[in-house]
Amino acid sequence: MGNTLDGDFVAKLRHLSERFASSVPATLEQLQAARMAFCLAEPEAANLKELMRILHTVAGSAPSFGYTQLGKQARLLEQVLRILSSGSYKNDNAWIEWLYNLDQLLLWAARDPKASDYV
């Protein structure tokens, strides 16, 4: 009986992992779309919330399915975005740097979102 439960657990985990892997391209597209919406408009609350939501989801889920660097980089971007969006940091260069770092994440993830090195 223990082997069946273990087998069921492994099968469910494999299914969840495959489902997550298949969702990564769409998630990256959502992140790109949110980035574009953010740049086309002033940093509106809705655009910031969408960027924050996506980054938070990726940061929390990705490491659980073997996408460690993707999760780590999303978490870093999320943390900086929280600071920038709080209004306590008004430097336009900081926003430009944040957008550059987001673009770098999107380029890196387009090549191999499961890569162990972030370069």
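Scroll up for the structure.
Each value, and the rule that gives it
- Residues numbered from 1 in each chain as written.
- Predicted model: local features only at pLDDT ≥ 70, side-chain atom pairs only at ≥ 80, totals over all residues.
- Heavy atoms only, no water.
- 1 Å grid on protein atoms, 1.4 Å probe; cavity = no way out; pocket = protein on both sides within 12 Å on 5 of 7 lines; lining within 4 Å.
- Points joined across faces, edges and corners; volume = space filled by probe spheres on them.
- Helix = DSSP H or I, 4+ residues; strand = E, 2+ residues; numbered from the N terminus.
- Nonpolar A, V, L, I, M, F, W, Y, C, P; charged D, E, K, R; others polar.
- Core = buried A, V, L, I, M, F, W, Y, C linked by side-chain atoms within 4.5 Å.
- Buried < 20%, exposed > 50% of the residue type's maximum accessible area, 1.4 Å probe, protein only.
- Contact = heavy atoms within 4.5 Å.
- Axes fitted to C-alpha atoms, helices over the stretch in contact; angles between N-to-C directions.
- Parallel < 35°, antiparallel > 145°, perpendicular 65-115°, else oblique.
- Left-handed = near helix turned anticlockwise from the far one by under 90°.

What follows covers the layout of surface pockets. The calculated volume of the largest pocket comes to roughly 180 Å³. As for the largest pocket, its lining consists of 16 residues, and the residues nearest its centre are Phe20, Thr27, Ile54, Thr57 and Val58. The set of elements that each furnish at least two residues to the lining of the largest pocket consists of α1 (2-40), α2 (45-61) and α3 (68-85). A breakdown of the residues in the lining of the largest pocket according to their chemical character gives ten nonpolar, five polar and one charged.

Below, the discussion takes up the nonpolar core. Formed by 31 residues in total, the largest nonpolar core has its most connected members in Leu31, Leu51, Leu70, Leu81 and Trp98. If you list the elements that add at least two residues to this core, you get α1, α2, α3 and α4 (92-111). Looking at which element gives the most residues to this core, the answer is α4, with nine residues. Look past the residues within four positions of Leu70 in its chain and what remains in contact with it is Val58, Ala62, Leu105, Trp108, Ala109 and Pro113.

It is at 8 Å that the axes of α2 and α3 come closest, and there the two elements cross at 150 degrees. When the axis of α2 is compared with that of α3, the two are roughly antiparallel. Crossing of α2 over α3 shows left-handed handedness. Here α2 contributes Leu48, Leu51, Met52, Leu55, His56, Val58, Ala59 and Gly60 to the contact with α3, which in turn contributes Leu70, Gly71, Ala74, Arg75, Leu77, Glu78, Leu81, Arg82 and Ser85. In terms of residue class, the contact of α2 with α3 is built from ten nonpolar, four polar and three charged.

Take it as geometry only, folks, not as evidence of what the structure does.
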